Amino acid sequence: MVQVAIVFGALLGAGVLLMISGVRRHPPRLDAVLTRLAGADRAAAGPGSAAEPAGRPARWARQLTRRVTGPGGLPIPRQDLALLGKTPERFLGEKAAAAAFGLCLPLLLSGLAAVQGLGVPWTVPGAATLGFAVAGFLVPDATVRSTAAQRRLDFRHALSAYFDFVRLAFVGGAGPSEALERAPLASDGWAFRRIAEAMEAARHARLTPWQGLARLGAEIGVDELGDLADLADLAGNEGAKIVDSITAYTQQIRSRQLAEMRYEAGSRTTTMTVPIAMIGLAFITLLGFPQIYLLLTN
């Protein structure tokens, strides 16, 4: 009996660790960065230029992912995954692992209850198994969506600083390509590193830096990068007017971010009124309970 309980506890702990590892923010993986850089080379050279250096399990995983997520298949948040540095194969693997954990958890608990001598009808773990499996299958979607939303917000905050560096480079006499490539070197933050990787990928693909920015903006769902790419594309024709355009656009972005921060602060203040009111009601009830009790008993 003790050995069975130990096994059940170990399996339960492994499932909890798996869920925590999926929720925790991870640094960008080296293979994902290299894949993005190599993907630009393959896109520039053509679809049949070179074979992807991967083993047989990786090829099977990619084929399965293409079949599952094809037209009419399972939708996956590709922009959120690209922002977090996750591949669709890894995302589907996490969904399958979470669903399997949810599928096995009620069975493990019912087995542990049976070992302890507690009788549980088979309909209870059967219904719970289905519900936990569906919930586990949907948990990675919610986790990726919330994490990507916060990470995209952080990226937009860093992007306003990147616009300032680009503007200063233009003021210093740099051209559009030099300004866009020099600005990411001013910081070692993850957003600046992501922009620098996009520049490097565009250079390998023989594309202009603003084309690399536009591709990165479309990949991770940040429209401001595409707007900056359009401004840089017009820099050759507009000359010094590009500095004023970038300055105005940066002020517009910061005004929008400030409005969003004020709205979030106001919504949090509004939501705090409910628990404060409940605490006040409980305090008043505690003070008046003795008198009310005396009135009712007398």
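Higher on the page you've got the structure.
A. Inspection of the packing of helix H9 (residues 209-220) against helix H10 (residues 223-233) at higher detail. Relative to each other, H9 and H10 sit at 165°, their axes nearing to 8 Å. Relative to H10, the element H9 is oriented roughly antiparallel. For the element pair H9 and H10, the recorded crossing hand is left-handed. Here Trp-210, Leu-213, Ala-214, Leu-216, Gly-217 and Ile-220 of H9 come into contact with H10, specifically with Leu-225, Gly-226, Leu-228, Ala-229, Ala-232 and Asp-233.

B. Fine view of the packing of helix H8 (residues 190-204) against H9. In the contact formed by H8 and H9, the axes pass within 8 Å of each other and the chain directions differ by 125°. By the angle class used here, H8 and H9 are oblique. Once H8 is placed against H9, the crossing between them reads as right-handed. Across from Arg-194, Ile-195, Ala-198, Met-199 and Ala-202 in H8, the residues of H9 making contact are Pro-209, Gly-212, Leu-213, Leu-216, Glu-219 and Ile-220. A breakdown of the residues in the contact of H8 with H9 according to their chemical character gives 8 nonpolar, 1 polar and 2 charged.

C. Geometry of the pattern of salt bridges. If you walk through the whole model with that rule in mind, you get 12 salt bridges. Glu-94 is paired through a salt bridge with Arg-90; the nearest N and O atoms lie 3.4 Å apart. You can see Glu-94 and its partner Arg-90 sitting in helix H5 (residues 88-115), 4 residues apart, about one turn around the helix. According to the relative accessible area criterion, Arg-90 is partly exposed, its value standing at 26%. The salt bridge involving Lys-95 is made with Asp-141; its shortest N-O contact spans 2.2 Å. Residue Lys-95 is found in helix H5, and its partner Asp-141 is found in helix H6 (residues 123-171); the two are separated by 46 residues along the sequence. Residue Lys-95 shares its accessibility class with Asp-141, and that shared class is buried. Residues participating in the shared-partner salt-bridge network are Lys-86, Arg-90 and Glu-94.

D. Geometry of a negative patch on the surface. Residues Asp-223, Asp-227, Asp-230 and Asp-233 make up a contiguous surface patch of negative charge. Positionally, Asp-227 belongs in helix H10.

E. Region of the structure containing the nonpolar core. Ranked by internal contacts, the top residues of the largest apolar core, which has 40 residues, are Tyr-162, Leu-180 and Leu-213. Of all the elements in the fold, those that place two or more residues in this core are helix H4 (78-84), H5, H6, helix H7 (176-182), H8, H9, H10 and helix H12 (241-297). Discounting chain neighbours no more than four positions away, the residues touching Leu-180 are Tyr-162, Val-166, Met-199, Pro-209, Trp-210, Leu-213, Leu-228 and Ala-232.

Reading guide: rules and limits
- Residues numbered from 1 in each chain as written.
- Predicted model: local features only at pLDDT ≥ 70, side-chain atom pairs only at ≥ 80, totals over all residues.
- Heavy atoms only, no water.
- Axes fitted to C-alpha atoms, helices over the stretch in contact; angles between N-to-C directions.
- Helix = DSSP H or I, 4+ residues; strand = E, 2+ residues; numbered from the N terminus.
- Parallel < 35°, antiparallel > 145°, perpendicular 65-115°, else oblique.
- Left-handed = near helix turned anticlockwise from the far one by under 90°.
- Contact = heavy atoms within 4.5 Å.
- Nonpolar A, V, L, I, M, F, W, Y, C, P; charged D, E, K, R; others polar.
- Salt bridge = Lys/Arg side-chain N within 4 Å of Asp/Glu carboxyl O.
- Buried < 20%, exposed > 50% of the residue type's maximum accessible area, 1.4 Å probe, protein only.
- Patch = residues over 30% accessible without salt bridge, like charges linked within 9 Å, V, L, I, M, F, W, Y side chains within 5 Å.
- Areas by Shrake-Rupley, 256 points an atom, 1.4 Å probe, with all protein chains shown as cover.
- Lys, Arg positive; Asp, Glu negative; His and termini not counted.
- Charge placed at Lys NZ, Arg CZ, Asp CG, Glu CD.
- Core = buried A, V, L, I, M, F, W, Y, C linked by side-chain atoms within 4.5 Å.

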